Amino acid sequence: MTEETVTIIGAGIGGLCAALGLVRAGRQVEVYEQAPVLGEVGAGLSISPNASLGLGYLDMLDYMEAESDKPLWQYTRHGLTHEELVAIDRRNAVEQYDATYYQIHRADFHAELVRRVELEQPGCIKTGYRLKQLSRAPGGFGLQFDNGETVVADILIGADGLRSEVRGALFSDDQPQFTNYVAWRALIPANELPAWYAQPASHVWLHAGKNCVTYPIRKQKLINLVAFTQTEDWVEEGWAVEADPEEFIAHFEGWHEKPRTLIEATRGRKMNRWGLFARTPLDCLTDDNVALLGDAAHPMLPWFGQGASSSIEDGVVLARCFEEAGDARAALALYNKTRVDRVKTIQRESNLGGERLHKLDPYTLRDLPVKNEDSLGIFKYNPAQVEIA
Ligand code: FAD
């Protein structure tokens, strides 16, 4: 195998999982991250069984077992009445999928990925490097960063999220499209809420095109809240901005006291909101010596909680392709062949999931066949064992 350095743009969950897999496979890696300091937002993150199998490949299950919560049930309920519409039993996740469904603090998980990558290859993550321009150069790429530095990359991985520079320069000039959905997020100390909210379960309340999701994290010490509303336009500059809890609370006027208690607990707290954007699915994730992964390749709406999970799958399969192939270009070609149909399916189904959640009367969900990650086969995928195409 040739020993070209793999240059990764972006130290989000996708870029770091790829970095960890690659350094463990013996590759030299450099990760360039625009943020001056590494970190993630304070929010909960669901890691579904398909991604947990990938974390097994990365030897991270000891950490996940020690630090995560595990939902035993997942309930969908009516927002006005709290009536149960769908209940999914997750107690048998290990028997069903050979893997656990985890829920974890996003910043904790990210920090652990950073720690493990740095342990394997100290100094390989460089912060304060925002890629602002790139061009093909003989045998690779010339990268220009806004701190004035330039770097030549042999093999390039664009893990730089929704507004990927790598994608824009080398793959597609499509622009992220606002989907009319806004996500609101907060974390509330469990001891400030009734004990009911700290049960090992997740709840989704639905009504009138809005929904509110909750589950405990940090061993039931924090209650994660993420809620979705709709609006015609998104005028904020950034994709995540500080939000006014009073404006958030007003969206859920008249909801049942169970979601309402949680929603009102955001009063006076720090909250964020995100505009949710979509991009056209790509037919190819690679081009000779460059590949995209995670949100740079396949941003998706969060209805199945698969954005980070699929970026973990990407990182693991990419590393396996490098182990399997004779050289880096062959590895990237294998990565594309192995991943492209899978990510297109998840992206399409995730985006369709919103129709069902928000366009139907919630009561119809009781009578319709359940269409979710289980019925779509999303959880059955094992990135650590899937046949490399
Ligand atoms: P990102 O996390 O966006 O990371 C990209 C990195 O690249 C960032 O660190 C960024 O600073 C850096 N970067 C960007 N541009 C440049 C540049 N020019 N130069 C250098 N660095 C750059 N997924 C789940 O699996 N489970 C969930 O429960 C879940 N919940 C979600 C809830 C909401 C409300 C939302 C909006 C998303 C949710 N997701 C969830 C999706 C998930 O957050 C993303 O899909 C995932 O974080 C993508 O990871 P990534 O590494 O590809 O991209």
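First things first, this report covers the structure right here in the doc.

In this structure, Ile8, Ile47, Phe109, Leu143, Leu156, Leu318 and Phe322 are the most contacted members of the largest nonpolar core, which totals 70 residues. Here this core takes eight residues from helix α1 (residues 13-24), the largest share from any one element. Beyond its immediate stretch of four places on either side in the chain, Ile47 contacts Ser52, Leu55, Met64, Thr100, Tyr101, Tyr102, Ile104, Phe109, Ser309 and Ile312.

Moving on to the sheet that holds strand β10 (residues 150-153). Ordered in space as β8-β9-β10, the three strands form an open sheet in which the pairing is antiparallel. Strand pairing shows two members of the sheet lacking a second neighbour, β8 (131-137) and β10, which therefore form its edges. Shown here is a sheet whose adjacent strand axes are inclined to one another by a mean of 20°, direction ignored. Looking at chain direction, strand β9 (residues 140-145) and β10 are connected through four bridges and run antiparallel. The residue of β10 that forms the bridge with Leu143 is Val151.

Moving residue by residue along a regular strand, the side chains alternate between the two faces of the sheet. With seven of eight residues buried, strand β14 (residues 210-217) is to be regarded as a mostly interior element. Where strand β13 (residues 201-207) and β14 come together, five bridges link them in antiparallel fashion. Within β14, the position partnered with His207 by the bridge is Lys210. Joining the antiparallel neighbours β13 and β14 is a turn of two residues, in which Ala208 adopts a positive phi near 50°. Across seven bridges, β14 lies against strand β15 (residues 222-230) in antiparallel orientation. Bridge pairing links Tyr215 to Asn224 in β15. Hairpin connection between β14 and β15: a loop of four residues separates the two successive antiparallel strands, and Arg218 in this loop has a positive phi of roughly 50°.

Close to the ligand lie 30 residues; Glu33, Arg106, Arg185, Asp295 and Ser309 are nearest. At 2.9 Å from a nitrogen atom of the ligand is found a main-chain nitrogen or oxygen belonging to Leu131. Between an oxygen atom of the ligand and a main-chain N or O atom of Ser309, the distance comes to 2.8 Å. Surface burial for the ligand is 88%, taken as the share of its 1000 Å² of free accessible area covered by protein chains. Secondary-structure elements contributing two or more residues to the shell around the ligand are α1, β2 (29-33), β3 (44-47), β12 (177-189) and α9 (307-324). Take the shell around the ligand: its biggest share by element is three residues, from α9. Class assignment for the residues of the shell around the ligand results in twelve nonpolar, eleven polar and seven charged.

With that settled, the discussion passes to unusual backbone geometry. Phi is mostly negative for residues that are not glycine, and the peptide bonds are mostly trans. Unlike most non-glycine residues, His82 shows phi in positive territory, near 70°. Positive phi is not limited to glycine here, since Lys219 has a value of about 55°. Following the sequence through the fold, Lys219 ends up in the loop between β14 and β15. Classification of Lys219 by relative accessible area gives partly exposed; the value is 41%.

Buried residues dominate β15, accounting for eight of its nine residues. Two elements, β12 and β15, share nine bridges in a ladder whose sense is antiparallel. In the sheet register, Ala183 faces β15, and the bridge partner there is Phe228.

Okay, the sheet that holds strand β19 (residues 290-292) next. Taken in spatial order, the six strands of this open sheet run β7-β2-β1-β11-β19-β18, and their pairing is mixed. The sheet terminates laterally at β7 (125-127) and β18 (286-287), the two strands that pair on one side only. Here β2 runs beside β7; their pairing, made up of three bridges, is parallel. Looking at β7, one finds that Tyr32 is bridged to Lys126.

A few words on the side chain of Gln103. For Gln103, the position within the fold is in strand β6 (residues 102-105). Given a relative accessible area of 2%, Gln103 falls into the buried group. Among the polar contacts made by the side chain of Gln103, one reaches the side chain of Ser46 at a distance of 3.5 Å.

The subject of this paragraph is the packing of aromatic side chains. Across all of its chains, the model carries 14 aromatic pairs by this definition. On the numbers, 5.4 Å between centres and 35° between planes, the contact of Trp184 with Phe248 is tilted. Taken together, the residues span a long stretch of sequence, with Trp184 in strand β12 and Phe248 in helix α7 (residues 245-250) at a distance of 64 residues. In this structure Trp184 comes out as buried when scored by relative accessible area, which is 1%. Assessed through its relative accessible area of 0%, Phe248 is described here as buried. Measuring from centroid to centroid gives 4.8 Å for Phe252 and Trp255, while their planes differ by 80°, and the two rings are edge-to-face. As far as burial versus exposure is concerned, Phe252 and Trp255 are alike and both buried. Connected via pairs of aromatic rings, a cluster forms that spans Trp184, Phe248, Phe252 and Trp255. Across from the ring centre of Tyr75, 4.7 Å away, lies the NZ or CZ of Arg77, which sits over that ring. Directly above the ring of Trp196 sits Lys258, whose terminal nitrogen or CZ lies 4.8 Å from the centroid.

Basis of the calculations
- Residues numbered from 1 in each chain as written.
- Predicted model: local features only at pLDDT ≥ 70, side-chain atom pairs only at ≥ 80, totals over all residues.
- Heavy atoms only, no water.
- Core = buried A, V, L, I, M, F, W, Y, C linked by side-chain atoms within 4.5 Å.
- Buried < 20%, exposed > 50% of the residue type's maximum accessible area, 1.4 Å probe, protein only.
- Helix = DSSP H or I, 4+ residues; strand = E, 2+ residues; numbered from the N terminus.
- Contact = heavy atoms within 4.5 Å.
- Pairing = 2+ DSSP bridges.
- Axes fitted to C-alpha atoms, helices over the stretch in contact; angles between N-to-C directions.
- Near = heavy atom within 4 Å.
- Polar contact = N/O pair within 3.5 Å; in protein donor to acceptor, adjacent residues only side chain to side chain.
- Areas by Shrake-Rupley, 256 points an atom, 1.4 Å probe, with all protein chains shown as cover.
- Nonpolar A, V, L, I, M, F, W, Y, C, P; charged D, E, K, R; others polar.
- Phe/Tyr/Trp six-rings, centres within 6.5 Å; stacked < 30°, edge-to-face > 60°.
- Lys NZ or Arg CZ within 6 Å of the ring centre and 35° of its normal.

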